[in-house]
Amino acid sequence: KTLLHDVILFGNIVLESIPHPDGIFGSILSAISVFCHYAGGITFFVFLLPFVYLCYSRRLGIKLAVALLSSGIINGLAKYYFESPRPSQLSSMFFDLVKATEEKSFGFPSGHAHIAILIWGIFFLHFRNPILKSFSFFMIIAVPLSRMYMGVHYLGDVLGGFVMGLLSLLLIEWMFKLSPDFPNLGQLEEKRISQLTRSISLALVAITLPATLISKVNGSEMHSASLNSVVSASGSTAGFFSGLLFLKYRFGDHYFSWGHAKSVRSFAVRSIFILLGISLFYFLLGTLSRQFFNDDPLFRYFRYLILNFYLVSVTPYLLHKIADGKFIKS
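None of these values were measured; they are calculated from a predicted model. Numbering of residues begins from 1 in every chain and follows the order in which that chain's sequence is written. In view of the model being predicted, local features appear only for residues whose pLDDT reaches at least 70, and side-chain atom pairs are presented and counted only at 80 or more, with totals across whole chains, interfaces and linings using the full set of residues. Water and hydrogen atoms play no part in the side-chain values, which are based on all heavy atoms of the structure.

## A word on the packing of helix α6 (residues 111-126) against helix α8 (residues 155-178)
Okay, so step 1: Packing of α6 against α8 brings their axes to within 7 Å, and their N-to-C directions diverge by 35 degrees. Here α6 and α8 pass one another in a crossing that is right-handed. Residues Ala113, His114, Ile117, Leu118, Gly121, Ile122 and Leu125 of α6 touch α8, and the partners they reach there are Val158, Gly161, Phe162, Met164, Gly165, Leu166, Ser168, Leu169, Ile172 and Glu173.
Okay, so step 2: Amino acid classes used here: Ala, Val, Leu, Ile, Met, Phe, Trp, Tyr, Cys and Pro are nonpolar; Asp, Glu, Lys and Arg are charged; the rest, including Gly, are polar. Counted by class, the contact of α6 with α8 contains eleven nonpolar, five polar and one charged residues. With axes taken as lines fitted to C-alpha atoms, and helix axes fitted only over the stretch in contact, angles between N-to-C directions fall between 0 and 180 degrees. Only DSSP runs of H or I reaching four residues or more are called helices, and only runs of E reaching two or more are called strands; each is numbered from the N terminus. The handedness criterion is simple: a crossing whose near helix is rotated anticlockwise from the far helix by less than a right angle is left-handed, and one whose near helix is rotated clockwise is right-handed. Two residues form a contact once any of their heavy atoms are found within 4.5 Å.

This is the structure:
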C-alpha cells in the first residue's frame, strides 16, 4: 500500500500532462475513449460471451468465461482491499469525460486494463485473421491509455491492472494447455458422474455465495461498488459451470454438437435465444432489482446465476431440439 502514495504513480502530474486536443482530432480521441469504456463493461461481455460460446466456439467461450469471471472476482476484491481513490481535482478538460463514465468503485487496480490485456490477449492469440488480430492488439493498447485520457485512473492503477491481466493471461493459457477439455470429470459410472455433478454445483454455490455477505458489511458507496463485480462474477461462475456440467453429464456430449453458426438462419435462431435470456434475466431482473430490492447483493447473485445457467445449459438443450428453426427428434 506504500506505493499508493507515490505522486507519480498515483498523482495528477501524469494525467495533466496528457494533451487533450480540440477539434475533430479531439472528438475522435474522446469517442475512442468512451467506446473503450463501454467495451470493458459488464453489459458488453454479457452479450459477447454467449455469442462466442453459442455461435462461434464452445471451447473459446469456456476459456473466456474462466478469464472474465476470475478477473471479476480478483479485481473487485483487490479494489476493496487497497481502497485507492480515483483521480480528483483534475482540470476542466477532464470534466465531460469523467462524467460520461460514472465510475463509483475504487481505482486500483484498473478493471478495464485488467480485462483488456486478458480478454483481447486471448483473442489476439486465438484468431489468425489479420483484421481481428489487429483490432485485438489495438484494444490491448487503447483501453489502458483511454482510462488515463478520461481521467478515471492514475498511471499506477493502469499499470497494476496491466500486470494483473498479463499474469492472468499466462496462467489461463497454461491451464488450458494442460487441460484442454476443462471442465472434465473423466470416465466414470453414470451414477457417480451424476453425484459429482450435483456435488460440484452445490460446492460452487457454497463457495461463491458468501460474496453477498461481504457486500452487506457496512461501508462506503465505493466499497459496495467495488464488490458489485465480485458478486456478479460469483453468481455467474456458479451458474456457468453448474450449467456446463449439468448439460454435459446429464444429456451427453451430443448436446454440444451445435458448433459454429454456419448460416444466417442458424445464427438468427441462436441470437433469439441469447437475446431472450439477456432481456429477461439481465435487463428485466436488473430493473426489478433497482426498483424494488435496492440492488440487493443476494438478488444480484442469483440474477447472474440464472442468466448464465440459462445461456450455458438451457439454450444448448433447446438448440439441440430445434435444428435451424425446425423441430427434430431427440
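That covers the picture; the talk isn't over yet.
## A short note on a nonpolar patch on the surface
Okay, so step 1: Together, Ile24, Ile28, Ile32, Phe35, Phe135 and Phe138 make up a nonpolar patch on the protein surface, roughly 550 Å² of accessible area in all.
Okay, so step 2: Every element with two or more residues in the nonpolar patch is listed here: α2 (23-39) and α7 (130-149).
Okay, so step 3: The leading source of residues in the nonpolar patch is α2, at four residues.
Okay, so step 4: Relative to the elements of secondary structure, phenylalanine 35 occurs in helix α2.
Okay, so step 5: Buried residues are those whose accessible area, probed at 1.4 Å on protein chains only, stays under 20% of the maximum for their type, while exposed residues exceed 50% and partly exposed ones sit between those limits. Here phenylalanine 35 falls in the partly exposed class, since its relative accessible area comes to 41%. Patch criteria: residues need more than 30% relative accessible area and no salt bridge. Like-charged residues are merged within 9 Å; nonpolar side chains of Val, Leu, Ile, Met, Phe, Trp and Tyr are merged within 5 Å. Only the protein chains shown count as cover for residues, and the accessible areas themselves come from Shrake-Rupley with a 1.4 Å probe. Any carboxyl oxygen of Asp or Glu within 4 Å of a side-chain nitrogen of Lys or Arg constitutes a salt bridge here.

## Things to note about α7
Residues spaced three or four apart along an α-helix point in a common direction, a consequence of the helix completing one turn every 3.6 residues.
Okay, so step 1: For a helix, the expected span equals 1.5 Å multiplied by the number of residues minus one. Its 20 residues place the ends of α7 28 Å apart at the C-alpha level, agreeing with the 28 Å of an ideal helix rising 1.5 Å per residue.
Okay, so step 2: The angle separating two fitted axes, one through the seven residues that finish at a residue and one through the seven that start at it, defines the bend at that residue. At alanine 142, α7 is bent by approximately 25 degrees, the largest bend along its length, and proline proline 144 sits one to four residues beyond.
Okay, so step 3: Within α7, burial applies to Ser136, Met139, Ile140, Ala142, Val143, Pro144, Ser146, Arg147, Met148 and Tyr149.
Okay, so step 4: Elements in contact with the buried residues of α7: α1 (12-16), α2, α5 (95-101), α6 and α8.
Okay, so step 5: Polar contact is the term for a pair of N or O atoms within 3.5 Å; when the atoms are in protein, one must be able to donate a hydrogen and the other to accept it, and sequence-neighboring residues count only if both atoms are side-chain atoms. Among the residues of α7, the N-terminal cap falls to asparagine 129, whose side-chain oxygen and the backbone nitrogen of isoleucine 131 are separated by 2.8 Å.

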